[in-house]
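Here's the letter readout for the chains.
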Amino acid sequence: SITASFLLLGLVTFQTRTETMTDFQQLGPEGHVIDPMDISTKTKQGVSYFGNRVCPFANRAWIAACETGFDSKMEYIHIELGDDKPGWYQAHVNPFGTVPCLYVDGKPVYESNIVAEYINDTQGGKLMPKDPARKADVQLAMARYGDKCVGPLYQMLRNRDPAKASAMASQLKANYEEFDALYAKLKSDPAGDFMMGAELSLAEVAFIPFLNRMVPCLEHYRGFNLFKEADIPALQKAYEAALRRPAVAKTLLKPEQSIEFYRLYAEGARAGPLPESGLSKLLKDPKSLALGAVAGAALAVVALRLIKA
């Protein structure tokens, strides 16, 4: 219609980049891809670890394996994530479709913290205190981090609406400061790097992969540096100390790798919606549409008179 044509004169078109995870090389040197014909063998005998170097959840179990020496006893099988995730993985290996997943002589173990704790238990338990009360403290820290601190990271990274950015930043900051206070309170030695003093625990294993990926990504894409904006000295100290441990460092991504991969969540197919444009709001407003129709009709009359003239 003529009215619609005039309204569309103010529309700015743009091209949306629809990236998929296949744009990033997920397979690292630690793993290999298996033939689907070998699935039955890998899940019935031996020790098979199904993981992905990019996934922060899988990174938890990978850190636990490298710290305890379990990595030398297992076969690391790479599982591509996203559109290229093999259909056989959920059908025949992990009914939840997630990584990590561990098979030990036919027995499956699912979910990142559970896999990490299983690995630790089979290797003598160095990543957990021996005292039941202190062990409960570590488990509390693991649970609270997952409940309060993971989701807000992704929410802020995916957000593309400037009007929501400030509230999201405030919530993220508050959640991390609350967790930092709990983590500091639960430490056995206030001067130590970790909850168990000088020894890494599963509490740090729970949050290190997310800080590794999200601190550089949020700064790059959203101009928000978690370590500078939030008062979280205990977490920052633990993270920096963990980076000095070879077994941890070799499992982590470089900042540029995280930024490249997580573009998918910040700008690509998995990013949040763009803020509503002025035209979209106009089209939803009945009064504005009525005025637009009147204006369009008037312009149409003028155009017809000009043509006849």
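Would you explain the pairing of strand 1 (residues 47-51) in this entry?
Looking along a regular strand, one sees the side chains alternate between the two faces of the sheet. For strand 1, the tally of buried residues reaches 4 of 5 residues, placing the bulk of the element in the interior. Pairing between strand 1 and strand 3 (residues 101-104): 4 bridges, direction antiparallel. Bridge assignment links Phe-50 to a residue of strand 3, and that residue is Cys-101. In this structure, strand 1 lies alongside strand 2 (residues 75-78), joined through 4 bridges in parallel fashion.

Would you explain the packing of aromatic side chains in this entry?
Geometrically, a pair of aromatic rings is defined through the distance of the ring centres and the angle of the planes. Under the criterion given, the structure shown has 21 aromatic pairs. Aromatic pair Tyr-183 and Phe-207: ring centres 5.6 Å apart, planes at 85°, arrangement edge-to-face. Here Tyr-183, found in helix 8 (residues 162-186), pairs with Phe-207, found in helix 9 (residues 202-222); they are 24 residues apart in sequence, far enough to count as distant. With a relative accessible area of 0%, Tyr-183 lands in the buried category. Here Phe-227 and Tyr-239 contribute two aromatic rings whose centre-to-centre distance is 5.8 Å and whose plane-to-plane angle is 35°, an arrangement assigned as tilted. One end of the pair, Phe-227, is in helix 10 (residues 226-229); the other, Tyr-239, is in helix 11 (residues 233-243), and 12 residues separate them in sequence. Of the residues examined, Tyr-239 reaches a relative accessible area of 9% and is grouped as buried. One aromatic cluster is present, built from ring pairs that chain together Phe-57, Tyr-145, Tyr-176, Phe-179, Tyr-183, Phe-207 and Phe-210.

Teacher, can you tell me more about the sheet that holds strand 3 here?
Picture the strands of a sheet paired through backbone hydrogen bonds; they go either parallel or antiparallel. Strands sit in the order 2-1-3-4 across an open sheet of 4 strands; the sheet is mixed. Each end of this open sheet is capped by a strand with a single partner; those strands are strand 2 and strand 4 (107-110). Each strand axis lies, on average, 20° off the axis of its neighbour in the sheet, ignoring direction. Where strand 3 and strand 4 come together, 4 bridges link them in antiparallel fashion. Note on strand 4: the bridge partner recorded for Cys-101 is Tyr-110. Together, strand 3 and strand 4 form the strand contacts of helix 5 (residues 112-122), whose direction differs from that of strand 4 by roughly 125°.

Before we go on, may I ask you to explain the packing of helix 6 (residues 132-148) against helix 8 in this structure?
To describe two helices that pack against each other, one gives the angle between their axes and the distance between the axes. Orientation of helix 6 relative to helix 8, taken along the N-to-C sense of each, is 175°, at an axis distance of 10 Å. Considered as vectors, helix 6 and helix 8 are oriented roughly antiparallel to each other. Across from Arg-134, Asp-137, Leu-140, Ala-141, Arg-144, Tyr-145 and Lys-148 in helix 6, the residues of helix 8 making contact are Asn-175, Tyr-176, Glu-178, Phe-179, Leu-182 and Leu-186. By residue class, the composition of the contact of helix 6 with helix 8 is 7 nonpolar, 1 polar and 5 charged.

Explain the pattern of salt bridges to me, please; I cannot follow it from the model alone.
Close approach of charged atoms allows side chains of opposite charge to pair. Here the structure, examined in full by the defined rule, presents 7 salt bridges. Note that Glu-67 is salt-bridged to Arg-245, the shortest N-O span being 2.9 Å. Here Glu-67, found in helix 3 (residues 56-68), pairs with Arg-245, found in the loop between helix 11 and helix 12 (246-249); they are 178 residues apart in sequence, far enough to count as distant. Here Glu-67 matches Arg-245 in class, with each residue buried. With its nearest N and O atoms 2.7 Å apart, the salt bridge here joins Asp-137 to Arg-134. Here Asp-137 and its partner Arg-134 are both found in helix 6, 3 residues apart, which amounts to about one turn of the helix. One network of salt bridges, with partners in common, ties together Glu-67, Lys-126 and Arg-245.

Before we go on, may I ask you to explain the layout of surface pockets in this structure?
Over the atoms, a rolled probe matching the size of one water molecule traces out where space is still vacant. Taken as a whole, the largest pocket holds about 380 Å³ of empty space. Taken together, 21 residues make up the lining of the largest pocket; nearest its centre are Cys-55, Phe-57, Leu-81, Thr-98 and Val-99. At the level of secondary structure, the elements contributing two or more residues to the lining of the largest pocket comprise helix 3 and helix 5. Per-element tally for the lining of the largest pocket: the top contributor is helix 3, with 3 residues. Its residues assigned to classes, the lining of the largest pocket shows 12 nonpolar, 5 polar and 4 charged.

What is the right way to look at unusual backbone geometry in this model?
Comment: phi is negative for the bulk of residues other than glycine, and the bulk of peptide bonds are trans. The omega angle of the peptide bond from Val-99 to Pro-100 is 5°, so this bond is cis rather than trans. Mapped onto the elements, Pro-100 comes out in the loop between helix 4 (87-93) and strand 3. Positive phi values are uncommon outside glycine, yet Asp-105 reaches one of about 50°. Relative to the elements of secondary structure, Asp-105 occurs in the loop between strand 3 and strand 4. Within the chain, Glu-111 stands out as a residue other than glycine whose phi angle is a positive 75°.

Rules used in this analysis
Throughout, residues of each chain are indexed from 1 in the direction in which the sequence is written. Only residues with pLDDT of at least 70 are given local features in this predicted model, and only at 80 or more are side-chain atom pairs given and counted; all residues enter the totals for whole chains, interfaces and linings. Heavy atoms from the whole structure form the basis of all side-chain values; hydrogens and water molecules are not counted. The buried label goes to any residue with under 20% of its type's maximum accessible area, the exposed label to any with over 50%, and the partly exposed label to all in between, with areas taken from a 1.4 Å probe on protein chains only. Secondary structure follows DSSP: runs of H or I at least 4 residues long count as helices, runs of E at least 2 residues long count as strands, and numbering of each begins at the N terminus. A strand pair is defined by DSSP finding two or more bridges across the two strands. Aromatic pairs are defined between Phe, Tyr and Trp rings, using the six-membered ring for Trp, whenever the two ring centres lie within 6.5 Å; interplanar angles under 30 degrees are classed as stacked, those over 60 as edge-to-face, and all others as tilted. Axis geometry follows a simple rule: fit a line to the C-alpha atoms, using only the stretch in contact for helices, then measure angles between N-to-C directions, giving values from 0 to 180 degrees. Working rule for contacts: check all heavy atoms of both residues, and any pair within 4.5 Å makes them a contact. Under this scheme an angle from 65 to 115 degrees is roughly perpendicular, one under 35 degrees roughly parallel, and one over 145 degrees roughly antiparallel; angles in between are oblique. Under the scheme applied here, ten amino acids are nonpolar (Ala, Val, Leu, Ile, Met, Phe, Trp, Tyr, Cys and Pro), four are charged (Asp, Glu, Lys and Arg), and all others, including Gly, are polar. Take a side-chain nitrogen of Lys or Arg and a carboxyl oxygen of Asp or Glu: if they are within 4 Å of each other, that pair is a salt bridge. A pocket, in this scheme, is an open set of points on a 1 Å grid over the protein atoms alone with protein on both sides within 12 Å along at least 5 of 7 lines, while a cavity is a set where a 1.4 Å probe fits but cannot get out; residues line either one if an atom lies within 4 Å of a point. Grid points are joined across faces, edges and corners, and a volume is the space filled by probe spheres set on the points.

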